[in-house]
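What the coordinates show
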Amino acid sequence: MEQSIANSYNEAKKLYEQHGINVEGALKQLARIKVSVHCWQGDDVRGFLNKDKELSGGIAVTGSYPGRARTPDELRKDLEQAFALIPGKHKVNLHAIYADTDETVDLDALEPRHFTGWVNWAKEQGLGLDFNPTCFSHDKAKDGFTLSHPDPEIRRFWIDHCKASRKIAESFGKALGQPCVTNVWIPDGFKDSPVDRLSPRVRLKEALDEVFAEEISGEYNIDAVESKLFGIGSESYVVGSHEFYMGYALTRGKAVCFDSGHFHPTETISNKLSSWLLFGDQLLLHVSRPVRWDSDHVVTMDDELLDIARELVRGNLLDRTHIGLDFFDGSINHIAAWVIGTRNTLKALLRAMLEPVERLKELELAGDYTSRLALVEEFKSYPYGAIWDYFCAAQGVPVREAWLADVKKYEENVLAVRG
């Protein structure tokens, strides 16, 4: 480690320790955080089962930056490059369409063996795996409905797909020794206002009950359900609304997924975290950056990201929260997008860990809001960057923007060859 990095760290550490902050303890805690990095940033959400299908279900990727992954091996190689530039050991979040198989198999017939390549690779890399059924970009989802479809045969297809997904997730958990979070999101809804809002939700509730009927140990699989306010083609009504899934998860013992972009444009998820975890057992986050709503931009160090991190740290909620990313930007280097988003997420958590939380709580309880505001604001300019640089160096990844040179070299040697 460069002496200048160590010196800056030691000076910054003294400043934080004056406020009773355990910097070394914060770095140990940060090193244990596993961010679930989404595979679909690497190939513009095409997958490998039906890669010639057009995106549907409100999914859209803009941009045509060269070098996207075309095969499972290329995608894994790209992920390896990204993880080499991100401190810590993390997880990879797979969608069902990313099966690694030469077989012709539909979504409802997927089995753990179709993901053997991913499991073997994750073992070699020391990574975990999360999973998602893919309820979009399929002929049986063309009319915008899946688990709540009025046709029982189409509904059966999607039920069987989600059931198969849970068994795949269970196999991941058993093979890798850490639970797989399986998140169910569906695009179901109407473009215009429906007459009957209830019946699709009745069908969805019954379908989900069948999907989750088989008990799977939380040691291997954790079920989550994800809401949305509206989408492309479902602007007026979404079956799986926030209220629907809150009620469903609370009564069925499931985790809720809060996606940063799935609410009203002026609504944030940071204020929801403590409320949910007061009643629900576990939480899944899809950290993204909505620009003009759910546009899934690369995560930057904005106010909402910091507020999410602060809520998790101040409320001691990290142990019950699964942090995942969800963005897909086809206009910039795919690997750089992963690195920027994941490093920012970790950096925000570190900033939250380096606040004098107990002191701030004491001031608030005493009604000294002046001192509370003063300290919160002053700590925004404390030298957390020196602590972050030290953490990166200690974890064996590039410090500050030095990672960009590695990405550019990889682009020149690997991505550019793909065309």
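Calculation rules
- Here the residue numbers are simple positions, counted from 1 along each chain's written sequence.
- Whole-chain, interface and lining totals are the exception, using all residues; otherwise, since this is a predicted model, local features are given only for residues with pLDDT of at least 70 and side-chain atom pairs are given and counted only at 80 or more.
- Side-chain metrics rest on all non-hydrogen atoms present in the structure, leaving aside hydrogens and water.
- Per the convention used, a helix needs a DSSP run of H or I reaching at least four residues, while a strand needs a run of E reaching at least two, with both numbered from the N terminus.
- Between the two quantities, the radius of gyration covers C-alpha atoms and the globule rule is 2.2 Å times the number of residues to the power 0.38.
- Only protein chains enter the calculation, and the probe is 1.4 Å; a residue is then buried if its accessible area is under 20% of its type maximum, exposed if over 50%, and partly exposed in between.
- We call two residues contacting when some pair of their heavy atoms lies within 4.5 Å.
- Note on areas: these come from Shrake-Rupley sampling with a 1.4 Å probe, and a residue is covered only by the protein chains present in the view.
- For the charge count, each Lys or Arg is scored as positive and each Asp or Glu as negative, with His and the chain ends excluded.
- In this description, the location of a charge corresponds to atom NZ of lysine, CZ of arginine, CG of aspartate or CD of glutamate.
- What is meant by a nonpolar core is a set of buried Ala, Val, Leu, Ile, Met, Phe, Trp, Tyr and Cys residues, joined one to another through side-chain atoms within 4.5 Å.
- Only Phe, Tyr and Trp rings take part, Trp by its six-membered ring, and two of them pair if their centres are within 6.5 Å. Stacked means planes under 30 degrees apart, edge-to-face means over 60, and tilted covers everything else.
- The term polar contact refers here to a pair of N or O atoms within 3.5 Å; inside protein, the definition further demands a hydrogen-donor-capable atom paired with an acceptor-capable atom, and it admits residues adjacent in sequence only when both atoms are side-chain atoms.
- Helix span is expected to be 1.5 Å times the residue number reduced by one.
- Bend at a residue means the angle formed by two fitted axes: the first through the 7 residues ending at that position, the second through the 7 residues beginning there.
- Any Lys or Arg side-chain nitrogen located within 4 Å of an Asp or Glu carboxyl oxygen qualifies as a salt bridge.
- Criterion for a disulfide: a pair of cysteine sulfur atoms at a distance within 2.5 Å.
- UniProt positions are given in the numbering used here, feature names are shortened, and annotations may be inferred rather than shown by experiment.
- When the strands point away from the viewer, a crossover counts as right-handed if the path from the first strand over the helix to the second runs clockwise.

**Considerations on the overall build of the protein**
In terms of helices and strands, the protein carries 14 helices and ten strands. The globule rule puts the C-alpha radius of gyration for 419 residues at 22 Å, and the 22 Å found for the protein is close to it. Considering the protein as a whole, with its 419 residues, one finds that 54% of them fall into the buried category. Residue pairs in contact within the protein that sit at least 24 positions apart in sequence constitute 80% of those at least 6 positions apart. Of the roughly 18,300 Å² of accessible surface on the protein, a fraction of 48% belongs to carbon and sulfur atoms. Here the protein contributes 49 positive and 64 negative side-chain charges, whose respective centroids are spaced 1 Å apart.

**A closer look at the nonpolar core**
If you look at the biggest cluster of nonpolar residues, it comprises 125 residues, and the most contacted ones within it are L94, L147 and L285. The greatest single-element share of this core, amounting to eleven residues, is contributed by helix α10 (residues 334-353). Apart from residues no more than four positions distant in its own chain, L285 is found in contact with F258, I269, L273, I308, L312, T321, H322, I323 and G324. I222, A255, C257 and L284 belong to the second-largest nonpolar core, a separate cluster that totals six residues.

**Points about the packing of aromatic side chains**
What describes a pair of aromatic rings is the distance from one ring centre to the other and the angle between the planes of the rings. Summed over the entire model, instances satisfying the criterion amount to 18 aromatic pairs. When the ring of Y9 is compared with that of Y390, the centres are 3.7 Å apart and the planes differ by 10 degrees; the resulting orientation is stacked. Of the two residues, Y9 sits in helix α1 (residues 3-17) while Y390 sits in helix α13 (residues 384-394), which places them 381 residues apart along the sequence. Of the residues examined, Y9 reaches a relative accessible area of 4% and is grouped as buried. Using a relative accessible area of 23% as the deciding quantity, one classes Y390 as partly exposed. Consider the rings of W118 and W121, whose centres lie 5.7 Å apart with planes at 85 degrees: the pair is edge-to-face. Here the residue W118 and the residue W121 both occupy positions in helix α4 (residues 116-125), the gap between them amounting to three residues, near one helical turn. You can call W121 buried: its relative accessible area is 5%.

**A few points about the side chain of R418**
As for its position among the elements, R418 is in helix α14 (residues 403-418). A distance of 2.9 Å separates a polar side-chain atom of R418 from the backbone oxygen of G67.

**Things to note about α14**
In a regular helix each residue adds 1.5 Å, so 16 residues correspond to 22 Å; α14 covers 22 Å between its end C-alpha atoms and thus fits that length. Where α14 bends most, the angle comes to about 45 degrees, and this point is E411. Along α14, the residues that are buried comprise W403, V407, Y410, E411, V414, L415 and R418. Buried residues in α14 make contact with α3 (72-83) and α10.

**Focus on the side chain of E304**
Checked against the element boundaries, E304 lands in helix α9 (residues 303-314). Of the buried charged residues, E304 lacks a salt bridge, with K272 as the closest side chain of opposite charge at 9.0 Å. When residues no more than four places from it in sequence are discounted, the contact partners of E304 are T268, I269 and S270.

**Looking at the pattern of salt bridges**
Summed over all chains, the structure comprises 28 salt bridges. Salt-bridge contacts for K13 lead to E17; the nearest nitrogen and oxygen are separated by 2.9 Å. You can see K13 and its partner E17 sitting in helix α1, four residues apart, about one turn around the helix. Residues joined by salt bridges that share partners form a network here, namely R70, E74, D78 and R418.

**Quick notes on the state of the cysteines**
Summed over all chains, the structure comprises zero disulfides. Counting only cysteine sulfurs, C162 is the nearest neighbor of C135, a cysteine outside any disulfide, at a range of 4.2 Å.

**Some words on the UniProt feature "binding site: Mn(2+)" (unreviewed entry) in the protein**
As annotated in UniProt, the feature "binding site: Mn(2+)" (unreviewed entry) corresponds to H262, D294 and D296 in the numbering used here. Look at the named residues: they lie 35 residues apart in sequence, but the longest C-alpha span between them is just 9.7 Å, so in the fold they bunch up. As for its position among the elements, D294 is in the loop between β9 (283-287) and α9. Filtering out sequence-adjacent residues up to four positions away, D294 remains in contact with K228, D259, G261 and H262. Within the secondary structure layout, D296 lies in the loop between β9 and α9. Look at D296 and you get buried, because its relative accessible area is 7%.

**Comments concerning the pairing of strand β10 (residues 321-325)**
Most of β10 is tucked away: five of the five residues are buried. Alternating positions in β10 separate into two faces, T321, I323 and L325 on one and H322 and G324 on the other, with burial throughout. Crossover β9 to β10 through α9 is right-handed.

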